[in-house]
Amino acid sequence: METPRKSMALGFPDSHTPSDTLSTLPESIIFRIFSFLDPNQTVRLNLVSKKFRLLCLNSPYLYFSADFDSSTNSLARYSQFCNYVDNVMKLRASLGIGIDRFLFHWFCKQPRFNIGAQLLGSCLKWATVSNVRELDILVYFLNRWNMSTYSLPHCVYECQSLRILRLNLQMGNFGLESRKMDFVEVFLLISVNIFDMKFGEKISSFWTSLRRLNLDKVKCIHDIYIKTSSLEELELSNCEIGRLYSDWILSIASSSLKSVSVSRCHFKSSCRSFLDCPSLMNFSVIGSVFDMPSTFKMASQSLDNLGICSSNFKKSCSLYISCPAIKQIKINGCRFKELCSLKMNSISLDVLNVSDCEFIYADEKISESGCQKRINVFAQRLQTLTINSSDKYSYKFPLCISAPSLQAIIWKGNPVDFSYLKSFMSLEYARIDIQPSCQHKSKKLASRCKLFMGSIYSVAVLLQSLKDVKSLEINVWPIELFFMQNDEPIIFKNLLHLFLLVNDLSAEQLSGIASFLKGLPNLITLVVKCEKKSALRGDPELIVLLGLCPKAFTVSFSEDSKQLKIARGNAQGVDVDDNFIKCTSVGMETAT
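For every chain, the first residue of the written sequence is number 1, and numbering continues from 1 along that sequence. Local features in this predicted model are restricted to residues whose pLDDT is 70 or higher, and side-chain atom pairs enter the listing and the counts only when it is 80 or higher, whereas totals over whole chains, interfaces and linings include all residues. The side-chain figures draw on all heavy atoms in the structure; neither hydrogens nor water molecules are used.

**Some remarks on the overall build of the protein chain**
Selection rule: Starting at the N terminus, helices and strands are each numbered in turn, a helix being any DSSP run of H or I of at least four residues and a strand any DSSP run of E of at least two. Exposed residues in this analysis have more than 50% of their type's maximum accessible area, buried residues have under 20%, and partly exposed residues fall in between, with area computed by a 1.4 Å probe over protein chains only. Contacts: residue pairs with any heavy atoms within 4.5 Å of one another. Here the accessible surface of atoms and residues is derived via Shrake-Rupley with a 1.4 Å probe, and residues count as covered only by protein chains that are part of the display.
Within the protein chain one finds 13 helices and 35 strands. Out of the 592 residues belonging to the protein chain, those deemed buried represent 52%. The long-range fraction of contacts in the protein chain, counting pairs at least 24 apart against all pairs at least 6 apart in sequence, stands at 59%. Looking at the protein chain as shown, the accessible area adds up to about 26,700 Å², and 51% of this sits on carbon and sulfur atoms.

**Section: unusual backbone geometry**
Of note in this structure, Met-171 is not a glycine but carries a positive phi near 65°. Here Met-171 shows up in strand S4 (residues 164–174). Notably, Asn-238 is not glycine yet its phi reads approximately 55°, a positive angle. Examined against the element boundaries, Asn-238 turns out to sit in the loop between strand S9 (233–237) and strand S10 (240–241).

**Some words on the packing of aromatic side chains**
Cut-off, in case you're wondering: By convention, a stacked pair of Phe, Tyr or Trp rings (six-membered ring in the case of Trp) has centres within 6.5 Å and planes under 30 degrees apart, an edge-to-face pair has planes over 60 apart, and any other such pair is tilted.
Tallying each qualifying case throughout the model produces 15 aromatic pairs. Judged by centre distance (4.6 Å) and plane angle (5°), the ring pair of Phe-267 and Phe-290 falls under stacked. Here the residue Phe-267 occupies a position in strand S13 (residues 266–267), and Phe-290 occupies one in strand S16 (residues 289–290), the gap between them amounting to 23 residues. The exposure class of Phe-267 is buried, given its relative accessible area of 3%. Residues Phe-482 and Phe-483 carry aromatic rings whose centres are separated by 4.9 Å and whose planes lie at 90° to one another, so their mutual orientation is edge-to-face.

**Regarding the sheet that holds strand S17 (residues 294–299)**
Strand pairing in a sheet relies on backbone hydrogen bonds, with the paired strands running either antiparallel or parallel. The cut-off we apply is this: At least two bridges found by DSSP between two strands are what make those strands a pair. For every element, the axis is a line fit to its C-alpha atoms; helices are fit only across the contacting stretch, and the angle between N-to-C directions ranges from 0 to 180 degrees.
Spatially, eight strands are ordered S8-S11-S14-S17-S20-S23-S26-S28 in an open sheet, and the strand pairing comes out parallel. Among the strands making up the open sheet, the edge pair consists of strand S8 (224–228) and strand S28 (399–402). Across the sheet, the mean angle from the axis of one strand to that of its neighbour is 5°, orientation sign disregarded. Bridge count for strand S20 (residues 317–322) against strand S23 (residues 340–344) is five bridges, and the pairing is parallel. Directly across from Cys-317, in S23, lies its bridge partner Cys-340.

**Here we look at the confidence of the model for the protein chain**
Our working definition: Confidence of the prediction at every residue is given by pLDDT, a number between 0 and 100.
Across the protein chain, the average pLDDT comes to 81, with 77% of residues at or above 70. The least confident element of the protein chain, judged by mean pLDDT, is helix H13 (residues 578–591) at 36; the most confident is strand S6 (residues 212–216) at 98. Long-range and interchain partners of residues 1–18, a stretch whose pLDDT sits below 50, account for 39 contacts in this model, where long-range means more than four residues apart. Counting interchain partners and residues more than four positions distant, the pLDDT-below-50 stretch residues 363–371 has seven contacts.

**Structural notes on the pattern of salt bridges**
The test is simple: The rule for a salt bridge is simple: a side-chain nitrogen of Lys or Arg has to be within 4 Å of a carboxyl oxygen of Asp or Glu.
For the structure on display, the rule yields 14 salt bridges. Linking Asp-433 and Lys-412 is a salt bridge whose minimum nitrogen-to-oxygen distance equals 3.4 Å. Of this pair, Asp-433 sits in strand S30 (residues 429–434) while Lys-412 sits in strand S29 (residues 408–413); the two residues are 21 residues apart in sequence, bridging distant segments of the chain. Salt bridges sharing partners connect three or more residues here, namely Arg-101, Glu-134, Asp-136 and Arg-166.

**Regarding helix H11 (residues 507–517)**
Each full turn of the α-helix corresponds to 3.6 residues, which orients residues three or four apart in the same direction. In terms of burial, H11 is largely enclosed, as eight of its 11 residues are buried. Along H11, the residues that are buried comprise Gln-509, Leu-510, Gly-512, Ile-513, Ala-514, Ser-515, Phe-516 and Leu-517. Here the buried face of H11 lies against strand S31 (471–475), helix H10 (476–482), strand S32 (497–502), strand S33 (525–530) and helix H12 (542–545).

See below:
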């Protein structure tokens, strides 16, 4: 992390100076303590004792920070600082004392003190002679008319010991040379302008040991093409990407890349991302803004998690996922002005978490064209799916799922707009546990609520899409909601086993359940689980109240009277397909 900006304090001990008893500790522990000190603190420690003067001279951690813009007696302190740093670096180099980490932060912006780049060049020369392993550089690079470009000095390219390089130019221009840098493993660029059209190609060709690349507060207008077998992590944060009227392309072909993270970035142009990375495991976009249409295409045998969260898409967003092993997709808290399209070839998706997304319409009345604005999920091969959903925007959040091969679905959370669901023709098992996003104590109040009335229509579409299911586990709320506005039941001609979850099996709920059962001509097993003890235990009319034939069905209660089972007379030994439920319950546990 970047060290907080500090005022330069040089050569003046204060009351907080540590006792010399600290010098009795082993040197390895003392040096470890030094690694956590603020810049310039080793200068203070020089004054504690001769022992500490020697310890500071031999410390593998050198942290210097300069800020003369607002301090008093600036010129004297400036000269003192430059002389001290220069002398220390030369002395250490002459004695052959190595450096593990060298931090040099130069905040001065006044022209008379703005020789940061010049002093930095001298320091880097002596640091590389001392076989430095990590460089943390911040310098205000004065580039008149914003035309000059800063490049790393030759000594850095020749430093075989260097492993970590952190460079902050305070929004200065930066350019890479076409020179070998095959020893650096971590490269962090902060607050720079990259106008180098060949930046990605240079990273690919010359930084052949690079494992981690971070771009933070970077302005980049040119495409980035990277082909590497070493890079494992790529992170873009707080960046300004692209320019108007021109697409911006991020293309990565890598056999080693495991994680890609995009956070709080602003994409001014159309973003097209192509990731051909067999080892990619995680991909995330968080808190970013896309002014133009965005496309993400990724191919990976290992991708496990994909997240699109808290981002603003002012145009369409398309994701093409050729990742058969993907387990979790999360689309959360996003704003869409056009549709979001998700196409995938996965067979099993443990969790699709879709929640609190908002579609922005031109006006409150949803026109026919406006109805096309939705999240589309196309998954031709998908066989198992768990969905966590919530929606504080209600009908403004339409969700369309096209999965003709789907065999098992678990849907948990608040209802969203199901008005675009396709029929799941191959469905064997469904587990539905959705709750209202708004509740009303009376039907009269509910009928006046636009959100609630929209939920009634959505639930009807959801139930219609499940009509081919063979085993259904569902809470009673969607059933009650459906029959608030519908008289005729949906026909579930293939449904054999029904598991109902209710709070308290009341007479009113019995009526709704009975209406639902009219559409189940081939029902074999009905299990009703109550949160409270059922008061209907022993009621001889129970089967009749449910609209079932007493001669065909028998009823039994659990010992605690919280669960009743009704089975067709010739199927007393038949239970709900336990093996199938156990198999799909794994997804439910993950979703929960």
